[in-house]
Amino acid sequence: MPHVVRFVENTITFPYVRSLGPVTGAFMTALTDKRILGIRNGDAVLCPPMEWDPATGAELPHDLVEVGPAGTVESWTWVPEPTLQHPLDHPFAFAFIRLDGASTPLLYAVDAGSPDAMSEGMRVAPRWKGERIGHLTDIVAFVPGEEPEVDGEDLGPASEPVELMDYLASITYRNPVPPTSDLVVEASREHRLVGFLCPECGKTYIGGRGVCPIDSLEFGAEHAIDLPHTGTLTNHVVITPVPYPGQTETEPFGRVFIALDGSDATLGYQPIVDMSVDDIRVGMRMKAVWAPADEAVEDGGGMGGAYGALIGWTPSGEPDVDDPDLVNRIF
Ligand SMILES: [Zn+2]
């Protein structure tokens, strides 16, 4: 593997709104009123309440009953170094808490200060947020003792039943950036399109790829060659943007694949510049468009589309190439 000196970090977030239904909705609504509900299942009381009997799958009657707010710790584990995904930013315990009147334990954070303060059988009560929205996180944490607390000013219960919940699913990932990618971006600042010529297979690769995919030969500056700034459009896609957090596109936009002249390389998912998506067609002759030399360029670490000062491609004005094999050029 090539020597990796740095990573780029990317986050994708998918927003959802989910409907809560009659049982979870009632549970969330009660939370805004600092009340915790369970549901009767025969002689048992499930908390958090469920719509179905977890053992048989049978639908439960909506017989909700208030439990807690205090409860007893049945088991616990200490979290000495919380991460961003944890409910508290300082060390705490995750505990199974059986709220008074409930038959099942609720898994929740206990803000006890130290593991020495935790024990099986200890009594805990909720610390509520002052402003409650109808979400489980309306409970900041449980704290030792019998008496519930409220953080800050108590703004009271929700005026309407809570029926929907915003939900953001996020994933953050880190991609290694090979040194060849940095080299290519750096060359782009001089409006040079640099590829790498593999001495084993004799093929040329572009886009900052760190190794020859055929021979696994690691590329370095000694393999760099300057490539022409013209090529032929081999494939394309037109994307109609949908709104999501971070989306900056509002109009349909095109991405094209360019087979560079005199090389074996295809540049994938390239932006188009000064042309309509309606005019994109396979076989078009294209030329590179560069950012002005003095303009700061974005460095995405080689992630997606054009890179560095190469901002996209525009028709060169030459006649189209008529070759049915062009569409097979995707790499
Ligand atoms: Zn090779």
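None of the values given here were measured: they were computed from a predicted structure.

### Quick look at the overall build of the protein chain
In step 1: For the protein chain, the count of helices and strands is two helices and 19 strands.
In step 2: The C-alpha atoms of the protein chain give a radius of gyration of 30 Å, which is well past the 20 Å a tight globule of 331 residues would have.
In step 3: Structurally, the protein chain occupies a C-alpha span of about 80 × 45 × 45 Å along its principal axes.
In step 4: Burial status across the protein chain gives 38% buried among its 331 residues.
In step 5: Taking all contacts inside the protein chain whose residues are at least 6 apart in sequence as the whole, residues at least 24 apart take part in 61%.
In step 6: Total accessible area computed for the protein chain in this model is approximately 18100 Å², and 52% of it derives from carbon and sulfur atoms.
In step 7: Here the protein chain contributes 20 positively and 50 negatively charged side chains, and the mean placements of these two sets differ by 2 Å.

### Digging into the domain arrangement of the protein chain
In step 1: Examined at the domain level, the protein chain breaks down into domain 1 (8-171) and domain 2 (178-328).
In step 2: Put simply, the middle of domain 1 and the middle of domain 2, counted by C-alpha atoms, are 50 Å apart.

### Focus: the coordination of the zinc ion
In step 1: Protein coordination of the zinc ion is provided by Cys198 (SG), Cys201 (SG), Cys212 (SG) and Asp215 (OD), with donor distances spanning 1.8 to 2.3 Å.
In step 2: Coordination at the zinc ion is tetrahedral: its four donor atoms span angles of 106 to 115° at the metal.
In step 3: Here the donor residues of the zinc ion share one chain and are spaced in sequence as C-x2-C-x10-C-x2-D. Placement of the pair is Cys198 in the loop between strand E12 (194-197) and strand E13 (204-205) and Asp215 in the loop between E13 and strand E14 (224-226), with a sequence separation of 17 residues.
In step 4: Overall, Asp215 belongs to the partly exposed group, its relative accessible area being 32%.

### Details of helix H1 (residues 21-32)
In step 1: Relative to the 16 Å expected for 12 residues at 1.5 Å per residue, H1 spans 17 Å between its end C-alpha atoms, a close match to the ideal helical length.
In step 2: Here H1 has its buried residues at Val23, Gly25, Phe27, Met28, Ala30, Leu31 and Thr32.
In step 3: A positive phi of about 60° marks Lys34, the residue just after H1.

### So, the packing of aromatic side chains
In step 1: Per the stated rule, a full pass over the model turns up six aromatic pairs.
In step 2: Summarising the aromatic geometry, the rings of Phe92 and Phe94 are spaced 4.9 Å apart at their centres and angled 80° between planes, so their arrangement reads as edge-to-face.
In step 3: With relative accessibility at 26%, the residue Phe94 sits in the partly exposed group.
In step 4: Here Tyr205 and Phe219 contribute two aromatic rings whose centre-to-centre distance is 5.9 Å and whose plane-to-plane angle is 35°, an arrangement assigned as tilted. Placement of the pair is Tyr205 in strand E13 and Phe219 in the loop between E13 and E14, with a sequence separation of 14 residues. The burial state of Tyr205 is the same as that of Phe219; both residues are buried.
In step 5: Taken together through their ring pairs, the aromatic side chains of Phe196, Tyr205 and Phe219 make up a single cluster.
In step 6: The residue whose ring lies beneath Arg174 is Phe7, and the NZ or CZ to ring-centre distance is 4.4 Å.

### Things to note about the environment of Pro213
In step 1: For Pro213, the location among the structural elements is in the loop between E13 and E14.
In step 2: Under the relative-accessibility criterion, Pro213 is labelled partly exposed at 47%.
In step 3: Sequence separation between Pro213 and Cys198 is 15 residues, and the spatial gap between their C-alpha atoms is 9.8 Å.

### Notes on unusual backbone geometry
In step 1: Note that the residue after Cys47, namely Pro48, is joined by a cis bond; omega there is 5°.
In step 2: With respect to the helices and strands, the residue Pro48 is situated in the loop between strand E3 (44-46) and strand E4 (64-67).
In step 3: The linkage connecting Gly68 with the following residue, Pro69, adopts the cis geometry, with an omega of 5°.
In step 4: Within the element layout of this structure, Pro69 appears in the loop between E4 and strand E5 (71-79).
In step 5: Of note in this structure, His191 is not a glycine but carries a positive phi near 55°.
In step 6: Along the chain, the position of His191 falls in the loop between helix H2 (179-188) and E12.

### What about the nonpolar core?
In step 1: If you look at the biggest cluster of nonpolar residues, it comprises 36 residues, and the most contacted ones within it are Ile36, Ile97, Leu99, Val110, Met118 and Phe142.
In step 2: Of all elements in the fold, only H1, strand E2 (36-41), E4, E5, strand E6 (92-99), strand E7 (106-110), strand E8 (123-129) and strand E9 (139-144) reach the threshold of two or more residues within this core.
In step 3: Looking at which element gives the most residues to this core, the answer is E6, with five residues.
In step 4: When residues no more than four places from it in sequence are discounted, the contact partners of Met118 are Val73, Trp76, Trp78, Ala93, Ala95, Val110 and Ala112.
In step 5: Within the second largest apolar cluster, 31 residues are counted, among which are Tyr205, Ile258, Ile272 and Ala291.

The rules behind each value
- Residues numbered from 1 in each chain as written.
- Predicted model: local features only at pLDDT ≥ 70, side-chain atom pairs only at ≥ 80, totals over all residues.
- Heavy atoms only, no water.
- Helix = DSSP H or I, 4+ residues; strand = E, 2+ residues; numbered from the N terminus.
- Rg over C-alpha atoms; globule rule 2.2 N^0.38 Å.
- Buried < 20%, exposed > 50% of the residue type's maximum accessible area, 1.4 Å probe, protein only.
- Contact = heavy atoms within 4.5 Å.
- Areas by Shrake-Rupley, 256 points an atom, 1.4 Å probe, with all protein chains shown as cover.
- Lys, Arg positive; Asp, Glu negative; His and termini not counted.
- Charge placed at Lys NZ, Arg CZ, Asp CG, Glu CD.
- Domains from an automatic or database assignment.
- Donors = N, O, S within 2.8 Å, 3.2 Å for Na, K, Ca; no water.
- Tetrahedral: all angles 85-135°; square planar, octahedral: opposite > 155°, others 65-115°.
- Expected span 1.5 Å × (residues − 1).
- Phe/Tyr/Trp six-rings, centres within 6.5 Å; stacked < 30°, edge-to-face > 60°.
- Lys NZ or Arg CZ within 6 Å of the ring centre and 35° of its normal.
- Core = buried A, V, L, I, M, F, W, Y, C linked by side-chain atoms within 4.5 Å.

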